[in-house]
Amino acid sequence: MDNEHENVTSSARRRPPSKVWGDESDAVSAALEWAATRTVSASDPKTTARTPEELAADVGDVITPEGLGATEAMRIFSEILAPATRAQDDPLNLAYIPAAPTRAAVAFDEVVASANIFGGLWESGAGAIFAENQALAWLVGLLGWPAEAGGCFVSGGTAGNLSALAAAREAGRARLGGRPDGGFKLACSATAHSSVASSARLLDMDVVSVPVDADDHLTGPAVAAALDADPNIVAVVASAGSTNAGIIDDLAGIAEAAHDHGVWVHVDGAYGGAALCAPSVRDRFHGIEQVDSFTVDPHKWLFAPYDCCALLYRDPTRALATHSQHAAYLDSTERGKQNPADLAAHLTRRTRGLPFWFSLAVHGTDKYSRAVEMCLATAREVADGIDRAEHLRLLRTPELSVVVFDRPGWSWDDYSAWSHRLAVDGVILCTPTRHHGDPALRLAFVNPETEADQVLAILQTLADDPPR
Ligand SMILES: *Cc1c(COP(=O)(O)O)cnc(C)c1O
């Protein structure tokens, strides 16, 4: 067995040099050595965007008739281009939603690239799709959904929300017997992610904004009232962790109200869905067992590299009818939910769920739960510290790992100047946001290496005058 295995990579099976490209050994070594080094290196928090003019001046002409050769092309990437990108995995990058992929997951992305599997159809990607489905099955178990549930990995929450809402709209079309006068609509609250409104535009659906309760949650009674008032609503989108504040809507109430009206419920858990594996907050997701579709980005809080969104349907039948592409050259392949291509708006796809699968397989799900719990604990500790600090005000108790607070007396410009100064110095990435319309600061914890003490020490600088 071992011998057989060795044969696969032995020199006997080496590709002969290409008639066009040669053996490319210098390019292969340069790229893989850089990748191996980067995978185990700490990132530089000072790296940042530069203007196209600055980059053009430093990079020069790269795409030339003769080619630059591997050494020079790699030098340009490593010395000029890569440093002009933000380090998403720095433990003190707490802006937007950062990232914290495991080394195992990052390394396996390099495996996915070299295997170059066509992941659209079972026929060409069976083994890899099987593995992706094992990772999806872990999520299905956390959701409490039946085994018939299914889905696929797409590029991100935006693509996932769009594909799920397309299926929801088609379910609505079937129920209403066609497109109703006035068109299809979806309902969500103002805290829903911007990609929901963007999906609605692409799907030619109007957005009905449903008011939230005093604590910013979308609730069952509010959804029921909206659905009673407007029969054209065919989908309700609830947040399982809003991006700005980590708010989890009343999923049980929303599912009940929507299903009473025959309406599809999509839960956007792009950021927060990861916390389904955290026992300390699992009950906040109560009701998610009943919803129709769900998205979570493993590239946010499940320790996978970009780009990776898990898109799941409790019953994939409607998604199949919505997304299957038919063409003469495709019709000889077997179609159905075994094909990722039949479940979202794509055909060709890389098997981008595999880095997540590999890391889960290597580390086990217990460590995933522990890592998510560590981020939740860090967020609580920082929130408590802010609450105790004389110069700061905690604006809401975190439901997940986003902490929103302000520094009374400071304006938007003060926050921006402070945030910019600390970013340039490579101290912390913490960007301003708005809370109920007023300027505030926001920290998002998805990296188990982040230390609460270190963050609180940096927030002490908010006691001083704003930088000028
Ligand atoms: C990040 C996010 C999205 C968008 O996901 P992308 O992967 O950036 O496309 C959608 N919804 C929520 C709640 C998010 O946090």
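In the block above lies the structure referred to throughout.
These notes cover the structure that comes with them. Not measured: the values here are computed from a predicted model. (Residues numbered from 1 in each chain as written. Predicted model: local features only at pLDDT ≥ 70, side-chain atom pairs only at ≥ 80, totals over all residues. Heavy atoms only, no water.)

What follows covers the overall build of the protein. Each helix and strand in the protein was counted, giving 16 helices and 11 strands. In summary, the protein has a C-alpha radius of gyration of 24 Å against a globular reference of 23 Å for 468 residues, a match within 12%. Based on the C-alpha atoms only, the size of the protein along its principal axes is roughly 70 × 65 × 45 Å. Every one of the 468 residues in the protein was classed for burial, and the buried ones make up 50%. Considering only intrachain contacts with a sequence separation of at least 6, the fraction spanning at least 24 residues in the protein is 71%. (Helix = DSSP H or I, 4+ residues; strand = E, 2+ residues; numbered from the N terminus. Rg over C-alpha atoms; globule rule 2.2 N^0.38 Å. Buried < 20%, exposed > 50% of the residue type's maximum accessible area, 1.4 Å probe, protein only. Contact = heavy atoms within 4.5 Å.)

This part covers the sheet that holds strand S10 (residues 432-435). Spatial ordering of the open sheet is given by S8-S9-S11-S10, a layout of 4 strands whose pairing is antiparallel. At either end of the open sheet lies a strand with only one pairing partner, and these are strand S8 (393-394) and S10. Bridge analysis of S8 against strand S9 (residues 402-406) gives 2 bridges, and the strand direction is antiparallel. Among the inter-strand pairings, Leu394 is bridged to a residue of S9, identified as Phe405. (Pairing = 2+ DSSP bridges.)

Not every one of the 14 residues close to the ligand is listed here, only the nearest: Thr158, Thr243, Asp268, Asp297 and Lys300. Within the side chain of Lys300, one N or O atom sits 2.9 Å away from an oxygen atom of the ligand. Relative to its unbound accessible area of 370 Å², the ligand is 84% covered by the protein chains. For the shell around the ligand, the secondary-structure elements that each account for two or more residues are helix H7 (157-176) and helix H11 (298-301). Looking at the shell around the ligand residue by residue, the class counts come to 2 nonpolar, 9 polar and 3 charged. (Near = heavy atom within 4 Å. Polar contact = N/O pair within 3.5 Å; in protein donor to acceptor, adjacent residues only side chain to side chain. Areas by Shrake-Rupley, 256 points an atom, 1.4 Å probe, with all protein chains shown as cover. Nonpolar A, V, L, I, M, F, W, Y, C, P; charged D, E, K, R; others polar.)

As paired elements, S10 and strand S11 (residues 438-444) share 4 bridges and run antiparallel to each other. Bridge pairing in S11 links His435 to Asp438. If you look at the hairpin formed by S10 and S11, you'll find 2 residues sitting between the two strands, and His436 has a positive phi there, around 50 degrees.

Moving on to the nonpolar core. In terms of nonpolar packing, the biggest core is built from 66 residues, with Leu139, Phe285, Trp301 and Phe356 touching the most fellow members. Sort the elements by how many residues they give to this core and helix H6 (residues 122-143) lands first, with 7 residues. When near neighbours in sequence (up to four residues on either side) are disregarded, Phe285 contacts Ala240, Ile248, Leu251, Gly272, Gly273, Ala275, Leu276 and Leu400. (Core = buried A, V, L, I, M, F, W, Y, C linked by side-chain atoms within 4.5 Å.)

What follows covers the pattern of salt bridges. Side chains that differ in charge, positive against negative, can pair when their charged atoms come close. Counted under the stated rule, the structure contains 19 salt bridges. A salt bridge links Arg50 to Glu54; the nearest nitrogen and oxygen atoms lie 3.6 Å apart. A salt bridge links Glu399 to Arg396; the nearest nitrogen and oxygen atoms lie 3.0 Å apart. You can call Arg396 buried: its relative accessible area is 9%. Taken together, the salt bridges that share partners define one network made up of Asp215, Asp216, Arg396 and Glu399. (Salt bridge = Lys/Arg side-chain N within 4 Å of Asp/Glu carboxyl O.)

Here we come to the environment of Gly385. With respect to the element layout, Gly385 can be found in helix H14 (residues 365-388). Residue Gly385 is classed as buried on the basis of its relative accessible area of 10%. C-alpha separation for the pair Gly385 and Ile248, spaced 137 residues apart in sequence, amounts to 23 Å.

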